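Chain by chain, the residues run as shown.
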Amino acid sequence: ARDPQQNKQTKHRSTMMNPKQSKRSLGATLIALAVLLALCAPLVFARNEILQAHMGCHSKTPVYGPENLYPIFTPDMSTPPLRTATNGKAWLINLPMDGLHTNTTQAYWLAHLYGSPYEQGFAQGALFKKEVHDFLTKAWVYMADQALPSLLPFMPEWLAALVVDLGFEAALDYVADITKAYTSPDIFEEMQGLSDSSGVPYKTILRVSMVPGLTKGACSIIGAWGKAVPQNLLQLRALDWDTDGPFRDYSQVTVYHPDPTNSTQGHGWVNIGFTGFLGALTGVSSKQLAISEIGVSYPDASFGNTGPDGKEGPIPIAGYPFIFLLRDILKFDETIDDAANRMINTKRTCDLILAVGDGKEGEVRAFQYSPHVLNIQDDKNQMPYNETWHPRIDDIVYYGMDWVCPSFNYVLSRQLQKYYGEITAEVGIRSITSVLQSGSNHLAYYDLTAQEVYFAFMAPHGVGGPEFAYDRQFTKLSVPDLLAVSL
């Protein structure tokens, strides 16, 4: 199925204000600019350890973590679902970790949603009414509480206080409004369904959905094929993002089953994220496509954002939120070329490194993504090139934590070279991401040849054992089996 929005040329709307606009509109614009400048700053809601991940990019002493020796867990999916609703069903997956009934045992939801976007949203709200309400309420309060200290370093204190005390909601509403023209309508339909069944106001869902797409995490990417692997194409997406807020308590795998009678609704896909969060940060589709993402806090001039004085230029506001772009890649695109054309032909809003793998073609490509450039990266032209800390490796593309990030890329390149020719999901889990110490919130290895996904979540608050996802037990699931589950 094709995305009806993909081949339609969108007229970019100007963000310049008409002098005749009201003071209220001007105020909303200033607040939106302020929020964007702050939210595009590194790791807005991150705790000290993760904030130090970006700072650690330039550490003179690379740090190697311990290996992850937990066995990979495959849940028994022959049991009946714990919850059911019209157009939805859900299983609660219990990870044994150090043994069931210990304080290290971790649980997360695996949900299946069916039908139209509205019906899928309604089903999720019906399945998880309390969880959706609790998560979105806590997330909103947490983000509002965290906003002031996050904004202060980037603007005058009086303006930060104005944003938090009087205009944080208005600012996010404004950002949502001016990005709406670039966003697939089905996302808003799904939000409405979620609101109608859960009772959470639509505006709250929209506001919370906007924030992750405006923040950055110090994440990592690997794509390995050919001589680098024994046989199967492998891709990594490690999410190093907020670890203090409620996100870690609401981990969820959501399987989308579109209406098969409606060709405009795309194809099936799997979203690894949070309860009630409808954007995509991590996921894989029925077309053997998978996504990875890194927020860039240490760009170089090749991103095209610096002016003649060498300082970073203004960040555009209106454009395609990347959490929805990644979602649409999974839902609508069939090849890497489709995904690349989507990125090329849209208005981009942030500095990112994205990656898309295609199990049909047997390749992974990374993308240097900014408002000004879209450059495709492979093993032959991967940038930035540095013989010591970011060497090119045949049949591998990789980025550890950031673009210019010597210490993490040094460790990652050494581990990839050490296991070259033997890199599998099992090897990566045991000896690459745990040693790199990347994937604090969650991470996924996609075996795009076998169509299997291996993933781990951070420990919820109050759960013992290793805290970060890269050190915890992984689950293995078959993507075709997930997509074959009927209502």
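To be clear, the structure that these remarks concern was listed above.
Residues numbered from 1 in each chain as written. Predicted model: local features only at pLDDT ≥ 70, side-chain atom pairs only at ≥ 80, totals over all residues. Heavy atoms only, no water.

A. Local environment of the overall build of the protein chain. Helix and strand content of the protein chain: 13 helices and 16 strands. Considering the protein chain as a whole, with its 487 residues, one finds that 60% of them fall into the buried category. Put simply, 69% of the contacts in the protein chain that link residues at least 6 apart link residues at least 24 apart. In the structure as shown, the protein chain presents an accessible area of about 18,600 Å², 54% of it carried by carbon and sulfur atoms. (Helix = DSSP H or I, 4+ residues; strand = E, 2+ residues; numbered from the N terminus. Buried < 20%, exposed > 50% of the residue type's maximum accessible area, 1.4 Å probe, protein only. Contact = heavy atoms within 4.5 Å. Areas by Shrake-Rupley, 256 points an atom, 1.4 Å probe, with all protein chains shown as cover.)

B. Quick look at the pattern of salt bridges. Per the counting criterion, the structure on display carries 16 salt bridges. Two residues, K130 and D134, come together in a salt bridge whose shortest N-O distance is 2.6 Å. Taken together, the residues span about one helical turn, with K130 and D134 both in helix α4 (residues 129–151) at a distance of four residues. Take K130: its relative accessible area is 59%, and that puts it in the exposed class. For R248, the salt bridge identified is with E467, shortest N-O distance 3.4 Å. Note that R248 is positioned in the loop between β5 (234–239) and β6 (251–258) and E467 in the loop between β15 (452–457) and β16 (475–478), a separation of 219 residues in sequence. Accessibility expressed as a relative area gives 26% for E467, which makes it partly exposed. Salt bridges sharing common partners tie together D173, K203 and R207. (Salt bridge = Lys/Arg side-chain N within 4 Å of Asp/Glu carboxyl O.)

C. Just the packing of helix α8 (residues 322–332) against helix α9 (residues 336–344), in detail. Interhelical geometry of α8 versus α9 gives an angle of 150 degrees and a closest axis separation of 10 Å. Remark: the crossing between α8 and α9 carries right-handed chirality. Where α8 approaches α9, its residues L325, D328, I329 and F332 are matched on the opposing element by A339, R342 and M343. Grouping the constituent residues of the contact of α8 with α9 by class yields five nonpolar, no polar and two charged. (Axes fitted to C-alpha atoms, helices over the stretch in contact; angles between N-to-C directions. Left-handed = near helix turned anticlockwise from the far one by under 90°. Nonpolar A, V, L, I, M, F, W, Y, C, P; charged D, E, K, R; others polar.)

D. Broad picture of the side chain of D240. Here D240 lies in the loop between β5 and β6. It is R237 that comes nearest to the buried, bridge-free D240 among opposite-charge side chains, at 6.9 Å. Looking at D240, its side chain comes within polar contact range of the main-chain nitrogen of G439, at 2.8 Å. (Lys, Arg positive; Asp, Glu negative; His and termini not counted. Polar contact = N/O pair within 3.5 Å; in protein donor to acceptor, adjacent residues only side chain to side chain.)

E. Local environment of the state of the cysteines. In this structure the tally under the stated criterion is one disulfide. The disulfide bridge from C57 ends at C405, spanning 2.1 Å between sulfur atoms. Torsion about the S-S bond of the C57 and C405 cystine: about -90 degrees, corresponding to left-handed handedness. Of this pair, C57 sits in the loop between α2 (48–55) and β1 (83–85) while C405 sits in the loop between β13 (396–400) and α10 (406–418), and the two are 348 residues apart along the sequence. We note that C57, like C405, is buried. (Disulfide = S-S within 2.5 Å.)

F. Main features of unusual backbone geometry. Of note, the bond from M383 into P384 is cis; its omega dihedral lies within 30 degrees of zero at -5 degrees. Residue position: P384 is located in the loop between β12 (374–377) and β13. In this structure, D395 takes a positive phi of about 65 degrees despite not being glycine. With respect to the helices, strands and loops of the structure, D395 is situated in the loop between β12 and β13. A positive phi angle, near 65 degrees, is found at Q437, a position not held by glycine. Along the chain, Q437 turns up in the loop between α12 (433–436) and β14 (442–447). Residue classification places Q437 among the partly exposed positions, given a relative accessible area of 27%.

G. Quick look at the packing of helix α6 (residues 185–198) against α8. Running from N to C, α6 and α8 cross one another at 100 degrees; their axes reach a closest spacing of 11 Å. It follows from the interaxial angle that α6 and α8 lie roughly perpendicular. Every residue of α8 that contacts α6 at D186, I187, E190 and M191 is listed here: F324, R327, D328, K331 and F332. (Parallel < 35°, antiparallel > 145°, perpendicular 65-115°, else oblique.)

H. View of the environment of T254. Among the structural elements, T254 can be located in strand β6. In the structure, T254 is positioned 144 residues away from L110 in sequence and 5.9 Å away in space, judged by C-alpha atoms. When residues no more than four places from it in sequence are discounted, the contact partners of T254 are A111, L113, W269, V270 and N271.

I. Up close: the nonpolar core. By size, the foremost hydrophobic cluster in this structure holds 99 residues, and its most contacted members are M343 and F455. Excluding residues that lie within four positions of it along the chain, M343 makes contacts with L325, I329, R348, L354, V356, F367, Y369 and L374. In this structure, C57, Y419, V427 and L436 belong to the second largest nonpolar core, which totals 35 residues. (Core = buried A, V, L, I, M, F, W, Y, C linked by side-chain atoms within 4.5 Å.)

J. Layout of the sheet that holds strand β11 (residues 363–369). A sheet is described by the order of its strands in space; here 10 strands give the open sequence β1-β2-β3-β6-β7-β8-β9-β10-β11-β12, paired in mixed fashion. Of all the strands in the sheet, the pair left with one neighbour each is β1 and β12. Taken over all neighbouring pairs, the strand axes of this sheet differ in orientation by 20 degrees on average, direction set aside. Bridge count for strand β7 (residues 269–274) against strand β8 (residues 283–285) is three bridges, and the pairing is antiparallel. Following the sheet pairing, W269 is matched in β8 by S285. Contacting β6, β7, β8, β9 (289–295), β10 (352–358) and β11, α8 runs over the sheet at an angle of about 165 degrees to β9. (Pairing = 2+ DSSP bridges.)

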